[in-house]
Amino acid sequence: MRQFDFSPLYRSTVGFDRLFSALDQVAGYDGSATTYPPYNIERTSDNTYRVSVAVAGFAESDIAIEVKENALTIRGEKAENKEEKKGEILHQGIAARAFERRFQLADHVQVTGASLENGLLHVDLVREIPEAKKPRLIPINGSAPKQVETKAAA
């Protein structure tokens, strides 16, 4: 994969720092290029989305979902249960380590709910554009301008 250096652009632009930071994150320059846990992002309709995260082995109490300033953060930390271990583990292929996943949300995207089913955490999102931001049709006045009649001086 090619690596692009955006640092020269920081010097000549004002107000685009979030854009370049997002590009750096997408390119994996933030140091958190981890693939755990796997996730899907799907569009369910024109203005609704769903983020699905594979969280096998985690209970609802082990997962925290937070939305702050257009950023969705999903954290998982499994509580250590000493009573549960009954034998020696010969192979551990199911990862139950702590994780944190961040998703940058576009403007006007809100979280509407979350559910945990069959080892998948589903977070539902909806894009609600305010009425003031929606396009409006402006009616055109179809009547011709009225002319003012002038009387001739006698």
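Now for a look at the structure at hand. Quick caveat, the model's predicted, so the values are computed rather than measured.

This part takes up the packing of aromatic side chains. Enumeration over the complete set of coordinates arrives at three aromatic pairs. Geometrically, the ring pair formed by phenylalanine 58 and phenylalanine 99 is edge-to-face, given 5.3 Å between the ring centres and 90 degrees between the ring planes. With phenylalanine 58 in the loop between strand 2 (48-54) and strand 3 (63-68) and phenylalanine 99 in strand 5 (residues 99-104), this residue pair connects regions lying 41 residues apart in the sequence. In this structure phenylalanine 58 comes out as buried when scored by relative accessible area, which is 7%. Overall, phenylalanine 99 belongs to the buried group, its relative accessible area being 7%. Grouped by ring-pair contacts, the aromatic residues Tyr36, Phe58 and Phe99 constitute a single cluster. Stacked on the ring of tyrosine 36, the Lys or Arg arginine 97 has its end atom at 4.0 Å from the ring centre.

Turning to the side chain of arginine 101, a few remarks are in order. Mapped onto the fold, arginine 101 is located in strand 5. Here the side chain of arginine 101 touches proline 37 through a polar contact of 3.2 Å, landing on its backbone oxygen.

Another point: the nonpolar core. Counting 16 residues, the largest nonpolar core has Val55, Ile74, Leu121, Val123 and Leu125 as its most contacted members. Those elements that provide at least two residues to this core are strand 2, strand 4 (71-76), strand 5 and strand 7 (120-127). Those residues in contact with leucine 121, other than ones at most four positions away along the chain, are Val51, Ser52, Val53, Val55, Ile63, Ile65, Ile74, Ser115 and Leu116.

Time to look at unusual backbone geometry. Trans is the prevailing form of peptide bonds, just as negative phi is the prevailing case for residues other than glycine. The amide bond that connects tyrosine 36 to the next residue, proline 37, takes the cis arrangement and shows omega of -10 degrees. For proline 37, the position within the fold is in the loop between helix 2 (17-27) and strand 1 (39-43). The residue glutamate 69 is not glycine, and still its phi comes out positive at about 50 degrees. With respect to the helices and strands, glutamate 69 occurs in the loop between strand 3 and strand 4. Not every positive phi belongs to a glycine, and asparagine 118 is a case in point at roughly 55 degrees.

This brings us to the pattern of salt bridges. Enumeration according to the criterion identifies four salt bridges in this entry. Across the pair arginine 75 and glutamate 66 runs a salt bridge, and its minimum N-O distance is 3.1 Å. Exposure remark for arginine 75: the relative accessible area of 32% places this residue in the partly exposed category.

On to the sheet that holds strand 7, then. Pairing is antiparallel in the open sheet, where four strands are placed in the order 1-2-7-6. For this open sheet the edge positions go to strand 1 and strand 6 (109-117), each flanked by a neighbour on one side alone. For this sheet, the mean inter-axis angle between neighbouring strands, taken without regard to orientation, is 20 degrees. Here strand 2 runs beside strand 7; their pairing, made up of seven bridges, is antiparallel. Residue pairing across strands places valine 51 opposite valine 123, the latter belonging to strand 7.

Basis of the calculations
- Residues numbered from 1 in each chain as written.
- Predicted model: local features only at pLDDT ≥ 70, side-chain atom pairs only at ≥ 80, totals over all residues.
- Heavy atoms only, no water.
- Phe/Tyr/Trp six-rings, centres within 6.5 Å; stacked < 30°, edge-to-face > 60°.
- Helix = DSSP H or I, 4+ residues; strand = E, 2+ residues; numbered from the N terminus.
- Buried < 20%, exposed > 50% of the residue type's maximum accessible area, 1.4 Å probe, protein only.
- Lys NZ or Arg CZ within 6 Å of the ring centre and 35° of its normal.
- Polar contact = N/O pair within 3.5 Å; in protein donor to acceptor, adjacent residues only side chain to side chain.
- Core = buried A, V, L, I, M, F, W, Y, C linked by side-chain atoms within 4.5 Å.
- Contact = heavy atoms within 4.5 Å.
- Salt bridge = Lys/Arg side-chain N within 4 Å of Asp/Glu carboxyl O.
- Pairing = 2+ DSSP bridges.
- Axes fitted to C-alpha atoms, helices over the stretch in contact; angles between N-to-C directions.

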